[in-house]
Amino acid sequence: MKAATRSTYGLSNVLTVTSVNKPEPKDNEVLIRVHNTTVNRTDCGILTGKPYVIRAFVGLFKPSHQVPGTDFAGQIEAIGKKVTGFKVADRVFGLYDEGLRSQAEYMTCREDKALAKIPDGISYAEAAASAEGAHYAYNFITMVNLKPGDKALVYGATGAIGTAAVQLLKHFGIYVTAVGNTKNIELIKSLGADKTYDYLKEDFTADQERYHFIFDAVGKSSFDQCKKLLLPKGIYISSELGPKGENLYLPLTTWLKGGKRVVFPIPKSCKRSILLMQELLEQRKFKPVIEKVYPLEQVSEAYDYVLTGQKTGNVLLSMS
């Protein structure tokens, strides 16, 4: 089968598309013909091995897996003899954010992992685009005790995590202010944002609203910059470590001081996220945003684009 492969950490030039052995499912695994997978920020971190803390999970000195990839959507072609919850021809999607070897024509996945059937009427591309970004958005949101009617601000509301965060917050009954760039203001309005800021033209920190939760989905702001927008017990979360790694120690210092706090997001169950997304897709309550689709042969170009930090929504690979 064809697969994207690499043997060392680096940029997109370490990737090649080559022929490797097709995997065989174990007793508790399914074999999946992959149709789509995303190239996302997690993939970029695993590709480059940066920040270095990621290597504790994906290989200290070299990548644990030759084939990259963290999410997928495809069709089951074979099942192990102990598999009971899935059958051949089922359309499925899933995620494992420590690496899944999904940027290939075929992959295997344990039945008990974050694996779910794709609802009828949802395409493989839509399913794949409802995994990684939504997983992180959901995890970060659930670290804050929000109630319907509370107010949240999403900075970087146009990426995979940001577009998912806007929709999930609205699903939970939250008033959402979304910050994005000029070309995507109408997009984030269409996702349900109650108020928008174009950061290329406006200073969102001049906002007169005060928020229970501020979520930086792209890691380009700071707690100091956003603190004045928080209510007295408000919480700030960033998807990155922040200037000089401050988001690693500020959760402790702000907790000790009381009042406005920083929370460091440690993602939990991928399976919980996938089951929620399965439910929302089935109910047509989530709209995955897809900007570009590359063939597998252009995997390096896909990574190059995602590494610019300028993508809108999701960038996909197509194996079909």
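Anything mentioned here points back to the structure above.
Everything numeric in this text was worked out from a predicted model, so none of it was measured.

**Q** I keep staring at the sheet that holds strand β11 (residues 211-216) and nothing clicks. Help me out?
**A** Within a sheet, each strand pairs with its neighbour through backbone hydrogen bonds, oriented either parallel or antiparallel. Strand order in this open sheet of six strands is β10-β9-β8-β11-β12-β13, and the pairing throughout is parallel. In the strand order of this sheet, the two ends are held by β10 (195-198) and β13 (261-262), each with one partner. Summarising the sheet, strand β12 (residues 230-238) and β13 pair through two bridges and their orientation is parallel. Opposite Ile235, over in β13, you have Arg261 as the bridge partner.

**Q** I would appreciate a short explanation of the pattern of salt bridges in the present structure.
**A** If the charged atoms of two oppositely charged side chains come close together, the side chains can form a pair. Following the criterion strictly, the structure yields 11 salt bridges and no others. As a salt-bridge pair, Asp112 and Arg110 come within 2.8 Å of each other at their nearest N and O atoms. Between Lys151 and Glu209 there is a salt bridge whose closest N-O contact spans 2.6 Å. Highlighted residues: Lys151 in strand β8 (residues 151-155) and Glu209 in the loop between β10 and β11, separated in sequence by 58 residues. Glu209 gets classed as buried once you look at its relative accessible area, which sits at 19%. Salt bridges here are not isolated pairs; linked through shared partners, they connect Lys151, Lys195, Asp207 and Glu209.

**Q** Explain helix α1 (residues 41-48) to me, please; I cannot follow it from the model alone.
**A** Since the α-helix turns once every 3.6 residues, residues separated by three or four places project in the same direction. Most of α1 sits out of view: seven of its eight residues are buried. Buried residues of α1: Thr42, Asp43, Cys44, Gly45, Ile46, Leu47 and Thr48, and no others. Buried positions along α1 lie against β3 (29-38), α2 (55-58), α4 (132-141) and α10 (299-307). The backbone nitrogen of Thr42 has a side-chain oxygen 3.0 Å away, supplied by the residue at the start of α1, namely Asn40. Gly49 sits one or two positions beyond α1 and adopts a positive phi of about 70°.

**Q** In this structure, what is going on with the pairing of strand β15 (residues 314-318)? I would like to understand it.
**A** Within a regular strand, side chains alternate between the sheet's two faces. Across the five residues that make up β15, a large majority, four, are buried. Of the pairings in the sheet, the one linking β3 to β15 comprises three bridges and is antiparallel in character. From the neighbouring strand, Thr37 faces β15, where its bridge partner is Leu317. With α10 bridging strand β14 (residues 290-295) and its parallel neighbour β15, the resulting β-α-β unit is right-handed.

**Q** Just checking my understanding: could you explain the packing of α1 against α10 for this structure?
**A** Here α1 crosses α10 at 105°, and the two axes come no closer than 10 Å. By the angle between their directions, the pair α1 and α10 is classed as roughly perpendicular. Residues Arg41, Asp43, Cys44 and Leu47 of α1 form the contact with α10, whose own contacting residues are Tyr303, Val306 and Leu307. Classifying every residue of the contact of α1 with α10 gives five nonpolar, no polar and two charged.

**Q** Would you take a moment to explain the layout of surface pockets for this structure?
**A** Where empty space is left becomes clear once a probe the size of a water molecule has been rolled over the atoms. As a volume, the largest pocket reaches approximately 1400 Å³. Taken together, 50 residues make up the lining of the largest pocket; nearest its centre are Arg41, Thr42, Tyr136, Ser239 and Glu240. Of all the secondary structure elements, the ones that give two or more residues to the lining of the largest pocket are α1, α4, α5 (160-171), β9 (175-180) and α10. Considering every element that reaches the lining of the largest pocket, the biggest residue donor is α1, with five residues.

**Q** Explain a nonpolar patch on the surface here, please?
**A** Taken together, the side chains of Leu248, Phe264 and Ile266 define a hydrophobic patch exposed on the protein surface, amounting to about 290 Å² of accessible area. Mapped onto the elements, Phe264 comes out in the loop between β13 and α9 (270-282). When its relative accessible area of 31% is taken as the criterion, Phe264 is described as partly exposed.

Rules used in this analysis
- Residues numbered from 1 in each chain as written.
- Predicted model: local features only at pLDDT ≥ 70, side-chain atom pairs only at ≥ 80, totals over all residues.
- Heavy atoms only, no water.
- Pairing = 2+ DSSP bridges.
- Helix = DSSP H or I, 4+ residues; strand = E, 2+ residues; numbered from the N terminus.
- Salt bridge = Lys/Arg side-chain N within 4 Å of Asp/Glu carboxyl O.
- Buried < 20%, exposed > 50% of the residue type's maximum accessible area, 1.4 Å probe, protein only.
- Contact = heavy atoms within 4.5 Å.
- Polar contact = N/O pair within 3.5 Å; in protein donor to acceptor, adjacent residues only side chain to side chain.
- Right-handed = clockwise from strand over helix to strand, strands pointing away.
- Axes fitted to C-alpha atoms, helices over the stretch in contact; angles between N-to-C directions.
- Parallel < 35°, antiparallel > 145°, perpendicular 65-115°, else oblique.
- Nonpolar A, V, L, I, M, F, W, Y, C, P; charged D, E, K, R; others polar.
- 1 Å grid on protein atoms, 1.4 Å probe; cavity = no way out; pocket = protein on both sides within 12 Å on 5 of 7 lines; lining within 4 Å.
- Points joined across faces, edges and corners; volume = space filled by probe spheres on them.
- Patch = residues over 30% accessible without salt bridge, like charges linked within 9 Å, V, L, I, M, F, W, Y side chains within 5 Å.
- Areas by Shrake-Rupley, 256 points an atom, 1.4 Å probe, with all protein chains shown as cover.

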